[in-house]
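Listed below are the residues making up each chain.
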Amino acid sequence: MSEDRARILSLIAEGKITAEEGSRLLDALETHRTQAAPAEPPARSGSTGAPKFMYVKVVSTKGDNVNVKIPLGLVRAGLKLTSLIPPQAMEQINTQMAASGMSIDFANLKQEDIEELIESLREMEVNVDSKNGDNVRVYCA
Amino acid sequence: MNAPPVVVDVRVAEAAGRKVHLWLPVFVLWPLLLLVGGLAIAAAVLVDAALFAMGRPYRFTALVLGCFDAVGEARGTQVLIDSKGRSVDVTVR
């Protein structure tokens, strides 16, 4: 663990900074740390065009951070595949999902619905701050 | 439809200073993928034809092509895991 990261985490543990402030500091540290970090998306308020990637960022106070960058084309291809699943298998899937509390019928998912869903993901952002200071952020750009 | 991934780049860096860089040439699997894909598409076409003859058309061919489309769209996926003392970066190019 780098010295800067350890210092930030100790400040959080001592309560001198909040988890949100620590998360921002760790994010700023990450963008300068390695060349291989995922590229930051352009400013979202001025972005044009369909989103291309889904970003999942997890910042943990224990020092375990995860950054995942997924092409939205993969999500789109996966959604298209669900509409091609055989009817018998789809019935079983829908039954299992309904039992889990998710009543989504993928068989009725049309191409235009998928494109509209991908386009609307541009405005989606999920930001979760847990009690122990962990932060999870999911967004598309 | 995009081409399948060409390379998987794996970088591991440890706090002790040791770094490992693996460059996995996935493109060497393309001939095998072509063979398997060809067989799968041929089988899917036969099944679709049989189902159509029975009056129950189904798109198994589209399903197989969709699977290949999904594999091609995996290019650009990047996973960066930073844990205590170790950083792992996996990029699919």
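The written sequence of each chain sets the order in which its residues are numbered from 1. Throughout, the order in which chains and ligands are written sets their labels, letters from A for the former and numbers from 1 for the latter. Where totals are concerned, whole chains, interfaces and linings use all residues; where local detail is concerned, this predicted model gives features only for residues with pLDDT of at least 70, and gives and counts side-chain atom pairs only at 80 or more.

Caption draft 1: Layout of the interface of chain A and chain B. With 22 residues of chain A at the interface, the matching set in chain B holds 25 residues. Starting at the N terminus, helices and strands are each numbered in turn, a helix being any DSSP run of H or I of at least four residues and a strand any DSSP run of E of at least two. Those elements that place two or more of their residues in the side of chain A that touches chain B are strand S2 (65-71) and helix H3 (72-82) of chain A. Under this grouping Gly is polar, as are all residues other than the nonpolar Ala, Val, Leu, Ile, Met, Phe, Trp, Tyr, Cys and Pro and the charged Asp, Glu, Lys and Arg. Here the side of chain A that touches chain B is composed, by residue class, of 13 nonpolar, six polar and three charged. Across five bridges, the pairing between S2(A) and strand S3 (residues 78-83) of chain B is antiparallel. Among the inter-strand pairings, Val68(A) is bridged to a residue of S3(B), identified as Val79(B). Once C-beta atoms are placed from the backbone, any two residues with those atoms within 7 Å are in contact. Being paired, for any two strands, means DSSP has found at least two bridges between them.

Caption draft 2: The arrangement of the sheet that holds strand S4 (residues 135-140) of chain A in detail. What the eight strands build is an open sheet, ordered S3(A)-S4(A)-S1(A)-S2(A)-S3(B)-S4(B)-S1(B)-S2(B); its pairing is antiparallel. The two strands at the open ends of the sheet, each matched to only one other strand, are strand S3 (125-129) of chain A together with strand S2 (19-25) of chain B. Neighbour to neighbour, the strand axes of the sheet diverge by 5° on average, direction disregarded. With five bridges connecting them, S3(A) and S4(A) associate as antiparallel partners. Within S4(A), the residue paired with Asn127(A) across the bridge is Arg137(A). In this analysis, axes come from line fits to C-alpha atoms, helices being fitted only over the stretch in contact, and the angle between any two N-to-C directions falls in the range 0 to 180 degrees. Packing against the sheet, H3(A) makes contact with strand S1 (53-59), S2 and S4 of chain A, and its axis sits at approximately 65° to S2(A).

Caption draft 3: Structural view of the environment of Asp64(A). Mapped onto the fold, Asp64(A) is located in the loop between S1 and S2. Put simply, Asp64(A) and Asp134(A) are 70 residues apart on the chain and 9.6 Å apart in space, counted from C-alpha to C-alpha.

Caption draft 4: Up close: the nonpolar core. Core analysis: the biggest nonpolar cluster contains seven residues, these being Phe53(A), Tyr55(A), Leu72(A), Leu74(A), Val75(A), Ala77(A) and Cys140(A). Within the residue set of this core, elements represented by two or more residues are S1 and H3 of chain A. Broken down by element, this core gets its largest block of residues, four residues, from H3(A). Other than its neighbours up to four places away in sequence, Ala77(A) contacts Gly66(B), Asp69(B), Ala70(B) and Glu73(B). Among buried residues, those of type Ala, Val, Leu, Ile, Met, Phe, Trp, Tyr and Cys that are joined through C-beta atoms within 7 Å form a set called a nonpolar core. With C-beta atoms placed from the backbone, the exposure class of a residue follows from how many other C-beta atoms lie within 10 Å of its own: 20 or more, buried; 12 or fewer, exposed; in between, partly exposed.

Caption draft 5: Quick look at the pairing of S1(A). Residue and element names in this part refer to chain A. Burial along S1 is one-sided: Phe-53, Tyr-55, Lys-57 and Val-59 are buried, while Met-54, Val-56 and Val-58, pointing the other way, are not. Examined bridge by bridge, S1 and S2 share seven bridges and lie antiparallel to one another. Considered in S2, the bridge of Val-56 is made with Val-68. Count of turn residues in the S1/S2 antiparallel hairpin: five residues, of which Gly-63 carries a positive phi of about 95°. Taken together, the six bridges between S1 and S4 define a ladder with antiparallel strand orientation. Note that in S4 the partner of Lys-57 across the bridge is Arg-137.

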